[in-house]
Amino acid sequence: MGFLTIGTFAKASRLSPKALRLYDELGLLTPARVDPVTGYRLYAPEQVDQARLVAWLRRLGMPLARIQHICTLEAGPAAQEVRAFWAQAEADTATRRDLATFLIDHLTWKDPVMSPTAKPLGIRYAALSDTGLVRESNQDTAYAGPRLLAVADGCGSQGAPASAAAVDALKHLETDSIPAGSLLNVLEDAIEQAGRAVRGVAGTGSSSEQAGTTLTAMLWTGSQLALVHIGDSRVYLLRDGELFQITHDHTMVQSMVDEGRLSPEEAASHPQRSLLIRALGQGADGTPDMRLHDVQRGDRYLLCSDGLSTVVPAEEIHRVISGTGAPEQTVRELIALANGSGGPDNVSCVVADVRELQQ
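Residues numbered from 1 in each chain as written. Predicted model: local features only at pLDDT ≥ 70, side-chain atom pairs only at ≥ 80, totals over all residues. Heavy atoms only, no water.

A. Up close: the overall build of the protein chain. Broken down by element type, the protein chain carries 12 helices and 15 strands. In terms of C-alpha radius of gyration, the protein chain reaches 26 Å, well past the compact-globule figure of 21 Å for 359 residues. Seen along its three principal axes, the alpha-carbon backbone of the protein chain occupies a region of about 90 × 55 × 40 Å. Counting across all 359 residues of the protein chain, residues that qualify as buried make up 44%. When the accessible surface of the protein chain is totalled, it reaches about 18200 Å², and 52% of it is carbon and sulfur. In the protein chain, which carries 32 positive and 43 negative side-chain charges, the distance between the mean positions of the two groups comes to 7 Å. (Helix = DSSP H or I, 4+ residues; strand = E, 2+ residues; numbered from the N terminus. Rg over C-alpha atoms; globule rule 2.2 N^0.38 Å. Buried < 20%, exposed > 50% of the residue type's maximum accessible area, 1.4 Å probe, protein only. Areas by Shrake-Rupley, 256 points an atom, 1.4 Å probe, with all protein chains shown as cover. Lys, Arg positive; Asp, Glu negative; His and termini not counted. Charge placed at Lys NZ, Arg CZ, Asp CG, Glu CD.)

Structure (structure tokens):
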């Protein structure tokens, strides 16, 4: 069979002649022959399958540079790359979905009509941080107040002042009044302030790479908790006896689990399980996950650094926070659990109970 003209090849591959000319210029789909007199591009019939693959990948929204890489792979590795790309696309969509939900909830939410017998809700809270049994210093910061709950896990030689600076940058939310309709902007501004504070700490050291931190915080609005989350500290919710992890770890291994490259069991022992893909610090991606949580009386929230979640099984965490102990007792028990498991890292816990306020 002879060569195909660009028009015929375009119909067979479902790519436009304009796209084919562009892909030729980029070296993605080079014609089998170019007529030396007319300059017409001519394609071999066996190029149709590759061209159709390019067309499908473009329909997925894949960048041309990544398509070019996939076209050099065998079928198995190529399929793995497509799976990884789509997993990331779904993760990005989930992040945008969370933000859209936040905006919708925030713009449409109204104070519930209180019945004569209903009581306002508040939180009872406690925070505790411990160096652990292996580390020489504590780079974690834990904070709990009437409105703000926060955990930050510092990294680098100046991790301790970095985590403290990030949390300190949020403490004004305890006392500042937040105008109706401004919650999202207030939280965004607070995260920017925290990022600047951490970069300021980094700038005081011998290297701007020496300070960074995770930051996971919840702001009590009186009937909801607004969450901001960057890194691999976690928030768990205990509701009606069930434990839910309501944050997603921003780590390299978690992204590999999301992409299907690792199993959760493999991720738990992976040598790079602590490598962050989001954090506050110089040159880091500090984009937060943000969402609103409607609370219920009896809810219990746990914010913790990875010094707890990576060494204590979820069922043990569930057992302790399901107990009847007050938040002060619960945070002590959780830290004792982490240290009882070897205490290889700093560990910080914040526990907050949603309860009716006594009038």
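What follows continues from the structure just given.
B. Broad picture of the sheet that holds strand S14 (residues 300-304). Spatial strand order, S4-S15-S14-S10-S11: 5 strands in an open sheet with antiparallel pairing. Of all the strands in the sheet, just strand S4 (121-130) and strand S11 (242-245) have a single pairing partner and so form its edges. Going from strand to strand, the sheet's axes swing by 20 degrees on average, the running direction of each strand aside. Looking at chain direction, S14 and strand S15 (residues 347-356) are connected through 5 bridges and run antiparallel. Residue pairing for S15: Arg300 is matched across the bridge by Asp353. Helix-sheet contacts for helix H11 (residues 314-321) involve strand S10 (234-239), S11 and S14, and the interaxial angle to S11 is about 125 degrees. (Pairing = 2+ DSSP bridges. Axes fitted to C-alpha atoms, helices over the stretch in contact; angles between N-to-C directions. Contact = heavy atoms within 4.5 Å.)

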